[in-house]
Amino acid sequence: MSKKIKLKPLKYVNLKAVYQMLGEYAPVSPKIFAHIIDEALDNTNQGYVHTEPRIGRKKSDDPAISNMLVGIADKLLKHNLEGKKEHPWDFYSGLDVDLVHESGDQALKDGRSVRTYVNSYFYFKEFSRPKDEHRVVFHLKYNTYQGTEWSISFPVQVVMKGFKTIPDCHYGYSHSISLLDKDGNPTDPQHHYIGITKRNWLKRMGEHFNEIRKGSNKTFHKAWRDFAGRKDVLLSSELITLNHTYDQIMDWEEWAVDAQMEAGTSLNMIPGGKKGLKFLHKHRLISDQNISLDEREKAIREYQKTNPRLGIPNLIISELWKDEEYAQRIICGAEGRLSAEQVRKIRDLNENSIPVEKITEMVGAKNRLQVERVLAGKTYSRIH
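Scoring rules and cut-offs
Residues numbered from 1 in each chain as written. Predicted model: local features only at pLDDT ≥ 70, side-chain atom pairs only at ≥ 80, totals over all residues. Heavy atoms only, no water. Axes fitted to C-alpha atoms, helices over the stretch in contact; angles between N-to-C directions. Helix = DSSP H or I, 4+ residues; strand = E, 2+ residues; numbered from the N terminus. Parallel < 35°, antiparallel > 145°, perpendicular 65-115°, else oblique. Contact = heavy atoms within 4.5 Å. Nonpolar A, V, L, I, M, F, W, Y, C, P; charged D, E, K, R; others polar. Buried < 20%, exposed > 50% of the residue type's maximum accessible area, 1.4 Å probe, protein only. 1 Å grid on protein atoms, 1.4 Å probe; cavity = no way out; pocket = protein on both sides within 12 Å on 5 of 7 lines; lining within 4 Å. Points joined across faces, edges and corners; volume = space filled by probe spheres on them. Pairing = 2+ DSSP bridges. Polar contact = N/O pair within 3.5 Å; in protein donor to acceptor, adjacent residues only side chain to side chain.

## Considerations on the packing of helix α8 (residues 246-263) against helix α9 (residues 273-282)
At a closest axis distance of 5 Å, the pairing of α8 and α9 adopts a crossing angle of 85°. Between α8 and α9, the crossing angle belongs to the class labelled roughly perpendicular. Each of Y246, D247, M250, E253, E254 and D258 in α8 lies in contact with α9, whose residues at this interface are G273, K274, K275 and L277. Taken together, the residues of the contact of α8 with α9 break down into three nonpolar, one polar and six charged.

## A word on the environment of G276
Among the secondary structure elements, G276 is positioned in helix α9. The class of G276 is buried, set by a relative accessible area of 1%. Apart from the residues within four sequence positions on either side, G276 is in contact with I270 and P271.

## Here's the deal with empty space enclosed by the protein
This structure, assessed with the given rule, holds two cavities of 30 Å³ or more. In this model, the largest cavity occupies a volume close to 60 Å³. Looking at the largest cavity, the residues that line it are A40, N43, T44, Y48, V49, H50, T51, L99, T116, Y117 and V118. Contributing elements (two or more residues each) for the lining of the largest cavity: α2 (30-45), β1 (48-52) and β4 (115-120).

## A few points about the pairing of β1
Counting buried positions over the five residues of β1 gives five, a clear majority of the element. Where β1 meets strand β2 (residues 56-59), four bridges bridge the pair, whose relative direction is antiparallel. Counterpart to Y48 in the pairing with β2 is K59. Counting the residues that bridge the hairpin from β1 to β2 gives three residues. When β1 meets β4, the two strands line up antiparallel, connected through two bridges. Note that in β4 the partner of H50 across the bridge is Y117.

## Some remarks on the side chain of H192
For H192, the position within the fold is in strand β8 (residues 191-197). Residue class for H192 comes out buried when judged on its relative accessible area of 17%. Of note is the side chain of H192, whose polar atom sits 3.2 Å from the side chain of S174. When neighbours within four sequence positions are excluded, H192 is seen to be in contact with S174, H175, S176, Q260, T265, S266, L267 and N268.

In short, geometric facts, not functional conclusions.
What follows is the structure, encoded as structure tokens:
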């Protein structure tokens with residue numbers, strides 16, 4: 001009979017909050033995961049920046065980073081328990097930090113161990129968030145969505161002891177899509193869908209995924225579906241804010257969607273907040289702008305049905321297509337397509353007056369027509 005593992009009492013984390021915030025999306029049982037978060041907070045509180053079973057705990061090579069982290073979890077807990085905030089949605093902003101926990105099958109396949117580490121944006125300021133968005137975020141890189149890595153992120157304070165939600169609590173979240181570089185790091189620009197809900201944000205996320213599976217052509221749904229299954233893509237879902245009333249969350253969404261639209265990185269179909277309600281009213285999809293979020297969602301679905309092509313242009317594709325490496329992967333990636341090397345060899349052999357039949361045989365093309373179309377410039381013109 002196996003011996004039960006005795007867990008230490010939780011020092012920082014509220015187990016009930018972990019169940020409420022993550023539930024089925026935790027990499028292990030919420031009870032075990034609560035202890036993983038608690039351990040990450042405790043280690044960071046002591047100045048450790050990396051924890052891994054094979055190598056143990058490590059402090060930063062630069063002592064200044066570890067020294068600044070010392071006591072950070074205590075400060076977060078104090079901020080929760082004191083309750084002296086200007087707004088109920090305020091988080092501790094003394095340091096801009098990410099705690100990242102990696103586990104799951106994809107990590108093991110890539111040769112990565114289960115590990116937790118700190119991204120110290122307060123020190124590496126080129127990666128820092130704007131000053132009014134400084135906080136400590138917990139990133140869970142565990143799940144995959146149809147083979148593509150998918151991370152879930154949330155302000156760590158929401159699962160810590162003492163954090164309270166208001167009775168009329170609304171949540172603001174983002175789903176994003178990022179290309180990864182050769183080292184597996186997200187590259188710019190990232191594209192975002194901004195959403196709000198009064199229900200649990202992960203439950204709303206599950207509803208989005210159900211719509212994606214059913215073939216919804218909303219811009220966000222189509223983009224997410226098109227990029228699922230790729231190894232050079234990171235899908236992310238982040239709880240950004242909560243403890244807003246209806247009016248407050250509408251203002252936040254309008255600001256957040258405007259910012260993404262201005263940057264050309266928005267996956268929202270319509271403007272956010274009350275600007276979006278005016279848009280729906282103008283298109284006669286709602287008769288009254290004083291409606292619930294569920295009623296608004298129905299109106300947006302109707303807008304997509306009556307304008308089916310609006311969800312088809314992929315904002316990400318238009319940007320990525322400018323990248324030669326990306327274009328090459330798409331053009332040559334599908335089964336039965338010629339590789340970039342084959343295309344170049346076809347052209348080189350043709351310049352040396354090798355007959356088309358012989359070129360077909362030498363490069364392993366499917367047939368003569370495939371080679372002739374390359375030489376005529378009708379296919380693979382982006383490959384140089």
